[in-house]
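Below, each chain spelled out in residue letters.
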Amino acid sequence: MVSFWFAMRIPITMCHGCGGGERPLDAQRFERYFAIARRLGFESISYDDLAAWRFQGAALPARPIMFDFDHAAVSIRHQIMPVMAGAGYRGNLFVHTQPLEELHAGVVPPPQERSYMSWDEIGELVAGGWHIGAHTHTHPNLSELAVKDPSGALVAEELRTNDNLLRRRLGIEPRDFAFTGTSWSSQAYRLVQHRYRFGRLWIIGAMYQADGKAIRYADLVGAAGADEQDGGPPAAARYITAQTPPHMLPSMELQELIHDYRAFESYLAAAI
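Please read these numbers as outputs of a predicted model, since none were measured by experiment. (Residues numbered from 1 in each chain as written. Predicted model: local features only at pLDDT ≥ 70, side-chain atom pairs only at ≥ 80, totals over all residues. Heavy atoms only, no water.)

Looking now at the overall build of the protein chain. Counting its regular elements, the protein chain contains 10 helices and 12 strands. A total of 272 residues make up the protein chain; the buried ones form 53% of that total. Here the analysis covers contacts within the protein chain between residues at least 6 apart in sequence; of these, 72% occur between residues at least 24 apart. Within the protein chain, one finds 25 positive and 30 negative side-chain charges whose respective centroids are separated by 4 Å. (Helix = DSSP H or I, 4+ residues; strand = E, 2+ residues; numbered from the N terminus. Buried < 20%, exposed > 50% of the residue type's maximum accessible area, 1.4 Å probe, protein only. Contact = heavy atoms within 4.5 Å. Lys, Arg positive; Asp, Glu negative; His and termini not counted. Charge placed at Lys NZ, Arg CZ, Asp CG, Glu CD.)

Next up, the structure:
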């Protein structure tokens with residue numbers, strides 16, 4: 001275990017579980033990603049580990065990596081978690097709570113007949129060492145919500161409801177937050193700073209939505225340099241460092257800029 005405080009560059013990936021489309025993700029693809037990360041010597045860390053390093057000067061593995069997931073997709077529990085465990089990795093899951101409450105309003109169908117995990121299945125992730133964070137209740141576009149409600153009351157209610165349900169259903173105190181989609185607002189940012197240790201963003205390209213306007217991701221987070229040829233923000237903005245604002249952490253979507261195995265490996269290798 002080493003610190004390398006100023007030199008540390010922590011890669012961080014994000015996705016919404018298994019999915020199709022032009023850049024599909026399935027258990028076999030995740031197995032390949034994790035094999036690449038393991039071959040390069042990366043060890044997964046949680047937000048608790050990140051907080052101990054960032055705020056207390058604790059050591060991290062020589063090559064830390066964060067695997068984030070947004071939304072409680074049922075594939076995360078039944079397809080991805082077993083593959084991760086086999087590679088010796090654990091993930092971080094950010095939960096928006098409305099779909100789970102709707103799921104539990106009636107008889108919960110078997111896993112193969114639904115899109116979301118049950119609360120019990122999320123509890124199984126917790127028992128397996130996964131970290132759980134907050135992600136609002138209804139998953140609004142935060143940029144548009146700021147225009148609709150300049151008072152900030154609606155986004156504050158989103159956070160309160162989300163936190164209260166995570167406490168009641170899982171018995172955990174949510175300490176970290178993932179912003180929804182590629183949306184951000186200054187009012188949400190202030191509330192997130194007050195409520196949570198970390199706030200995490202999502203990189204799918206070079207642009208973002210903030211306070212009702214389009215903005216370069218690099219400009220939002222204060223990253224210098226031009227956008228990269230792959231259509232994403234400057235390379236330095238894609239990693240967590242000691243200088244990254246704690247409530248503007250990045251994450252790289254696996255179905256976008258680093259979906260290709262070579263791009264994924266290059267992203268990790270550049271952190272070494």
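Back to the text.
This brings us to the pattern of salt bridges. Following the criterion strictly, the structure yields 17 salt bridges and no others. A salt bridge links Arg197 to Asp48, with the nearest nitrogen and oxygen atoms 2.8 Å apart. You can see Arg197 sitting in the loop between α8 (186-195) and β8 (198-200) and its partner Asp48 sitting in helix α2 (residues 47-56), a full 149 residues away along the chain. Overall, Arg197 belongs to the buried group, its relative accessible area being 13%. Note that Arg160 and Glu157 form a salt bridge whose closest N and O atoms lie 2.9 Å from each other. Residue Arg160 and its partner Glu157 are both found in helix α7 (residues 153-170); the two are separated by three residues, about one turn of the helix. (Salt bridge = Lys/Arg side-chain N within 4 Å of Asp/Glu carboxyl O.)

Let's shift gears to the pairing of strand β10 (residues 213-216). As paired elements, strand β9 (residues 207-210) and β10 share four bridges and run antiparallel to each other. Note that in β10 the partner of Gln209 across the bridge is Ala214. Between β9 and β10, which pair antiparallel in sequence order, lie two residues; one of them, Asp211, sits at a positive phi of approximately 50°. (Pairing = 2+ DSSP bridges.)

Strand order in the open sheet made by the three strands is β7-β9-β10, with mixed pairing throughout. Either end of the sheet is taken by a strand with one partner, and the two such strands are β7 (183-184) and β10. Bridge count between β7 and β9: two bridges; the pairing is parallel. By the bridge assignment, Trp184 is partnered in β9 with Ala210.

Below, the discussion takes up the packing of aromatic side chains. Scanning the model with the defined rule gives 17 aromatic pairs in all. Centre to centre, the rings of Phe30 and Phe69 are 6.4 Å apart; their planes meet at 45°, and the pair counts as tilted. Taken as a pair, Phe30 in helix α1 (residues 27-39) and Phe69 in strand β3 (residues 64-70) lie far apart in primary sequence, 39 residues in all. Since its relative accessible area comes to 2%, Phe69 is described here as buried. Centroid distance Tyr33 to Phe264: 4.7 Å. Interplanar angle 45°. Geometry classified as tilted. Of the two residues, Tyr33 is situated in helix α1 and Phe264 in helix α10 (residues 261-269); the sequence distance between them amounts to 231 residues. According to the relative accessible area criterion, Tyr33 is buried, its value standing at 1%. Among the aromatic residues, those joined into a cluster by ring pairs are Phe30, Tyr33, Phe34, Phe67, Phe69, Tyr89, Trp130, Tyr261 and Phe264. Lying over the aromatic face of Tyr261, Arg29 brings its terminal NZ or CZ to 4.1 Å of the ring centre. Lying over the aromatic face of Tyr261, Arg32 brings its terminal NZ or CZ to 4.1 Å of the ring centre. (Phe/Tyr/Trp six-rings, centres within 6.5 Å; stacked < 30°, edge-to-face > 60°. Lys NZ or Arg CZ within 6 Å of the ring centre and 35° of its normal.)

With phi around 80°, His71 is a residue other than glycine that occupies positive phi space. Inspection of the secondary structure puts His71 in the loop between β3 and α3 (74-87). Among the residues examined, His71 registers a relative accessible area of 16% and is labelled buried. Positioned with a positive phi, Asp211 is a non-glycine residue whose angle comes to about 50°. Structurally, Asp211 is set in the loop between β9 and β10.

With that settled, the discussion passes to the layout of surface pockets. One way to see where empty space is left: roll a probe the size of a water molecule over the atoms. The space that makes up the largest pocket amounts to roughly 230 Å³. Val221, Ala223, Ala236, Ala237 and Thr244 are, among the 15 residues lining the largest pocket, the residues nearest its centre. A class-by-class count of the residues in the lining of the largest pocket yields 11 nonpolar, four polar and no charged. Quantified by volume, the second largest pocket comes out at close to 190 Å³. (1 Å grid on protein atoms, 1.4 Å probe; cavity = no way out; pocket = protein on both sides within 12 Å on 5 of 7 lines; lining within 4 Å. Points joined across faces, edges and corners; volume = space filled by probe spheres on them. Nonpolar A, V, L, I, M, F, W, Y, C, P; charged D, E, K, R; others polar.)

Closest axis-to-axis distance for the helix α5 (residues 119-127)/α7 pair is 10 Å, and the angle between their directions is 80°. Judged by the angle between their axes, α5 and α7 are roughly perpendicular. In contact with Trp119, Ile122 and Gly123 of α5, α7 contributes Leu165, Leu166, Arg169 and Leu170. (Axes fitted to C-alpha atoms, helices over the stretch in contact; angles between N-to-C directions. Parallel < 35°, antiparallel > 145°, perpendicular 65-115°, else oblique.)

Quick look at the nonpolar core now. Leu50, Phe69, Leu93 and Ile122 are the most contacted members of the largest nonpolar core, which has 81 residues in total. Leaving out residues up to four positions away in the same chain, Ile122 has contacts with Ala72, Leu93, Val95, Leu100, Met117, Ile132 and Leu170. (Core = buried A, V, L, I, M, F, W, Y, C linked by side-chain atoms within 4.5 Å.)

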